[in-house]
Amino acid sequence: RPGAASGGAAMSRPEGAARSCREEDEEARQEAALRKLIVRLKNVQEGTQRETLVQSLQDLLALAASPRGPQLLRGKNLHGPLLLVLVSYVRVADVQQVGWSLLCRLIEVCPDVLQKLAAPQGVGKEWEVLGVHQQILKMLKLHHVNMYLSVVGLKALNLLLTSDEITLLLLEEGTDVFLLVFDAMDTFSDNEEIQKYGCQALHMLLEKVPEEQLIEFVEDRDHMIILNVFKKFPEKENIVLPALLSLHSLAGPPSNVEVLMSGNVRCYNIIVEMMKTFPHSELIQEVSCCLLHRLSLGNFYNILVLNDVHEVLVEAVEKYPANAKLQAAGLSCLALLTETIFLNKDLEEKKEEEEKEEGEQLYWLEACYKALRCHRKNTDVQEAACWALNNLLMYQQCLHEKIGDEEKKSVVWAECLEM
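On a predicted model such as this, the values are computed, not experimentally measured, just so you know.

1. Side note on the overall build of the protein
Looking only at helices and strands, one finds 27 helices and zero strands in the protein. Residues counted as buried form 47% of the 419 residues belonging to the protein. The contacts in the protein between residues at least 6 apart in sequence include a share of 72% that link residues at least 24 apart. As displayed, the protein offers around 21,700 Å² of accessible surface, 50% of which is attributable to carbon and sulfur atoms.

In structure tokens form, the structure reads like this:
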């Protein structure tokens with residue numbers, strides 16, 4: 001038996017060696033193929049046949065997408081000749097389709113490519129022609145009726161917007177990047193990818209513009225394109241999340257809050273519906289709490305309470321006690337709404353019907369305790385929890401009996417005293 005085992009081991013070594021040789025041969029083949037393709041790309045002439053160029057780009061894309069793609073492409077500076085091709089063949093749809101797909105892949109697998117695109121070396125005066133920020137805008141504008149190019153164009157735009165330098169260049173350009181995104185989202189309103197990439201791009205752009213531009217955005221009713229996304233794709237989390245993030249950016253200026261809360265928009269209904277649709281998505285719950293907090297700062301307490309905003313807030317802070325951002329926003333919003341929740345005359349009838357049940361509820365007392373305990377070093381959460389607790393005690397007298405007297409202090413008071 002030992003002899004048989006050693007024989008098996010001996011047989012495995014040649015097999016391993018053969019496999020290693022095959023892998024080395026494949027690596028060498030890929031390296032050689034990549035070198036030839038890069039040479040072809042660098043030597044593209046104006047008369048080069050479109051089919052030949054597209055095939056070269058497709059072959060490069062296949063190598064980039066292979067498991068060894070990052071290793072193969074590292075340090076090759078393929079983005080330079082690729083940008084030249086994109087400039088030269090800007091009106092040729094299939095070249096643009098494969099070319100921008102390849103650039104997206106390069107950015108994804110080679111971390112340094114984005115930095116090189118933002119500040120290219122040795123370009124000189126040609127920067128005005130070769131600037132990637134100008135090329136993406138030009139492509140989106142020229143091919144705005146092509147759905148496939150709109151998808152890859154918006155995907156590329158999203159990747160480019162992860163660079164602060166490129167984002168600044170895009171916003172400074174004469175061509176309005178917002179209008180190009182709106183146009184794509186409006187033209188292809190049923191396309192899931194375009195709506196997803198469009199909302200993601202809008203969120204990143206809106207985070208960088210001044211308040212005046214946010215106000216103008218809403219005054220021109222451009223926010224309706226974002227609201228339309230919730231109607232078209234109410235159950236698509238990957239679209240709903242960036243749409244909520246975009247609304248959060250817009251809800252900064254007070255004048256925008258008034259519009260978003262108006263009868264024509266009723267943004268609060270959308271948020272409540274999304275929180276109910278995605279109760280297990282922590283990110284959606286977090287962004288929604290932050291957005292509702294911004295809306296509540298506009299003193300629209302009655303409207304928010306009448307539309308059950310406080311109910312979804314309580315569910316969120318109870319479900320995600322470890323999320324500091326959600327806790328700070330959710331408890332702050334509850335603190336603002338407390339008086340209305342307990343004193344609003346429009347709720348009196350409902351309150352009487354549920355009097356017995358409500359008499360036993362502690363509302364967000366437990367949530368305040370958990371927030372104080374779990375986030376001792378986070379001043380925003382501590383402030384929000386104490387504020388929410390104070391207002392809760394002011395308007396729900398039965399809580400004083402629940403938490404004990406001076407000799408039987410509640411654990412909540414212990415947490416407050418340790419702050």
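2. Brief notes about the pattern of salt bridges
Scanning the entire structure with this criterion turns up nine salt bridges. Between Arg50 and Asp94 there is a salt bridge, with the nearest N and O atoms lying 2.2 Å from each other. Of this pair, Arg50 sits in helix α2 (residues 50-65) while Asp94 sits in helix α5 (residues 93-109); the two residues are 44 residues apart in sequence, bridging distant segments of the chain. On the accessibility criterion, Arg50 (36% relative accessible area) is partly exposed. For the salt bridge of Lys232 with Asp190, the shortest nitrogen-to-oxygen distance reads 2.7 Å. Here Asp190 lies in the loop between α11 (177-187) and α12 (192-206) and Lys232 lies in helix α14 (residues 223-232), a separation of 42 residues in the sequence. Through salt bridges with shared partners, one network takes in Arg50, Glu51 and Asp94.

3. Section: the packing of α5 against helix α9 (residues 147-160)
Viewed as axis vectors pointing N to C, α5 and α9 meet at an angle of 30 degrees, and their least axial separation amounts to 9 Å. Here α5 lies roughly parallel to α9, going by the angle between them. Between α5 and α9 lies a crossing of left-handed hand. Together, Ala93, Gln96, Gln97, Trp100, Ser101, Cys104, Ile107 and Glu108 of α5 and Tyr148, Leu149, Val152, Lys155, Ala156, Leu159 and Leu160 of α9 make up the contact between the two elements. Taken together, the residues that form the contact of α5 with α9 break down as ten nonpolar, three polar and two charged.

4. A word on a negative patch on the surface
Residues Asp176, Glu216, Glu219 and Asp220 make up a contiguous surface patch of negative charge. Exposure remark for Glu216: the relative accessible area of 45% places this residue in the partly exposed category.

5. Some details on the packing of aromatic side chains
Applying the stated criterion to the full structure yields three aromatic pairs. Each ring, one from Phe178 and one from Phe182, has its centre 6.3 Å from the other, and the planes form 35 degrees; the classification is tilted. With Phe178 and Phe182 both in helix α11 and four residues apart, the pair spans about one turn of that helix. For the pair formed by Phe178 and Phe182, the shared burial category is buried. Pairing Phe178 with Phe217 gives two aromatic rings, centres 6.0 Å apart and planes at 70 degrees, and the pair type is edge-to-face. Residue Phe178 is located in helix α11, and its partner Phe217 is located in helix α13 (residues 211-219); the two are separated by 39 residues in the primary sequence.

6. Concerning the side chain of Ser163
Positionally, Ser163 belongs in the loop between α9 and α10 (164-172). Of the residues examined, Ser163 reaches a relative accessible area of 7% and is grouped as buried. Not counting the four nearest positions on each side in its chain, Ser163 is found in contact with Leu114 and Ala118.

7. So, the nonpolar core
Counting 133 residues, the largest nonpolar core has Ile136, Leu157, Phe230 and Trp364 as the members making the most contacts within it. The element contributing the most residues to this core is helix α21 (residues 324-343), with ten residues. Once you skip the residues sitting within four places of it in the chain, Trp364 turns out to touch Val314, Leu334, Thr338, Ile341, Phe342, Ala388 and Leu392.

8. What about the packing of α9 against α12?
A pair of packed helices is characterised by two quantities: the angle between their axes and the separation of those axes. The contact between α9 and α12 brings their axes to 9 Å, and the two run at 30 degrees. With respect to their mutual orientation, α9 and α12 come out roughly parallel. In this structure, the crossing between α9 and α12 has a hand that is left-handed. Where α9 approaches α12, its residues Met147, Ser150, Val151, Leu154, Lys155, Leu157 and Asn158 are matched on the opposing element by Glu193, Ile194, Tyr197, Gly198, Gln200, Ala201 and Met204. For the contact of α9 with α12, the per-class residue count stands at eight nonpolar, four polar and two charged.

9. Quick notes on unusual backbone geometry
Leave glycine aside and you will find that most residues have negative phi; peptide bonds, for their part, are mostly trans. Residue Asn77 is not a glycine yet carries a positive backbone phi of 55 degrees. Relative to the helices and strands, Asn77 is located in the loop between α3 (69-73) and α4 (79-88). Positive phi outside glycine occurs at Asn299, with the angle close to 65 degrees. Relative to the helices and strands, Asn299 is located in the loop between α18 (282-296) and α19 (301-306).

10. Some details on the confidence of the model for the protein
Residue-level pLDDT values for the protein average 86, and 82% of them are 70 or greater. Within the protein, the element-level pLDDT minimum falls on helix α23 (residues 355-360), averaging 48, and the maximum on α9, averaging 98.

11. Here we look at α5
Spanning 17 residues, α5 covers 24 Å between terminal C-alpha atoms, matching the ideal 24 Å at 1.5 Å per step. Within the sequence span of α5, burial applies to Val95, Gln96, Val98, Gly99, Trp100, Leu102, Leu103, Cys104, Leu106, Ile107 and Val109.

12. Comments concerning empty space enclosed by the protein
Within the structure shown, the criterion is met by two cavities of 30 Å³ or more. In this structure, the largest cavity spans a volume of roughly 70 Å³. In this structure, the largest cavity is lined by Leu73, Gly75, Lys76, Asn77, Leu78, His79, Leu106, Cys110, Asp112, Val113 and Lys116. With three residues, the single largest contributor to the lining of the largest cavity is helix α6 (residues 112-118). Partitioning the lining of the largest cavity into residue classes produces five nonpolar, three polar and three charged.

About the cut-offs
Within any chain, residue numbers begin from 1 and follow the written order of that chain's sequence. Residues qualify for local features only when their pLDDT is at least 70, as the model is predicted, and side-chain atom pairs are given and counted only at 80 or more; totals for whole chains, interfaces and linings, by contrast, use all residues. For side-chain calculations, the full set of non-hydrogen atoms in the structure is used, while hydrogens and water are omitted. Only DSSP runs of H or I covering at least 4 residues are called helices, and only runs of E covering at least 2 are called strands; the numbering of each starts at the N terminus. With a 1.4 Å probe rolled over the protein chains alone, any residue whose accessible area is under 20% of its type maximum counts as buried; one over 50% counts as exposed, and the rest are partly exposed. Any two residues having at least one pair of non-hydrogen atoms within 4.5 Å are treated as being in contact. Accessible surface is estimated by sampling points in the Shrake-Rupley manner with a 1.4 Å probe; for residues, cover comes only from the protein chains shown. By definition here, a salt bridge exists when the distance from a side-chain nitrogen of Lys or Arg to a carboxyl oxygen of Asp or Glu is within 4 Å. Axes here refer to lines fitted to C-alpha atoms; in helices the fit is confined to the stretch in contact. Angles between the N-to-C directions go from 0 to 180 degrees. Working rule for angles: under 35 degrees goes down as roughly parallel, over 145 as roughly antiparallel, 65 to 115 as roughly perpendicular, anything else as oblique. Left-handed describes a crossing whose near helix is turned anticlockwise from the far helix by less than a right angle; the clockwise case is right-handed. The nonpolar class holds Ala, Val, Leu, Ile, Met, Phe, Trp, Tyr, Cys and Pro. Asp, Glu, Lys and Arg form the charged class, and all remaining residues, Gly among them, are polar. Patches here are clusters of residues that have more than 30% relative accessible area and form no salt bridge, with a 9 Å joining cutoff for like charges and a 5 Å cutoff for nonpolar side chains (Val, Leu, Ile, Met, Phe, Trp, Tyr). Charge convention: Lys and Arg are scored as positive, Asp and Glu as negative, and His as well as the terminal groups of each chain are ignored. Where a charge sits is defined by one atom per residue type, namely NZ (Lys), CZ (Arg), CG (Asp) or CD (Glu). Side-chain rings of Phe, Tyr and Trp (the six-membered ring for Trp) are treated as a pair once their centres are within 6.5 Å; stacked means planes under 30 degrees apart, edge-to-face means over 60, and tilted covers the remaining angles. Definition of nonpolar core: a set of buried residues of the types Ala, Val, Leu, Ile, Met, Phe, Trp, Tyr and Cys, connected through side-chain atoms within 4.5 Å. Note on scores: pLDDT gives the predictor's confidence for each residue, bounded by 0 and 100. By this rule the span expected of a helix is its residue count minus one, scaled by 1.5 Å. The definitions used throughout rest on a 1 Å grid laid over the protein atoms alone, on which a cavity is an enclosed set of points accommodating a 1.4 Å probe that cannot get out and a pocket is an open set flanked by protein within 12 Å on both sides along at least five of seven lines; lining residues are those having an atom within 4 Å of a point. Grid points are joined across faces, edges and corners, and a volume is the space filled by probe spheres set on the points.

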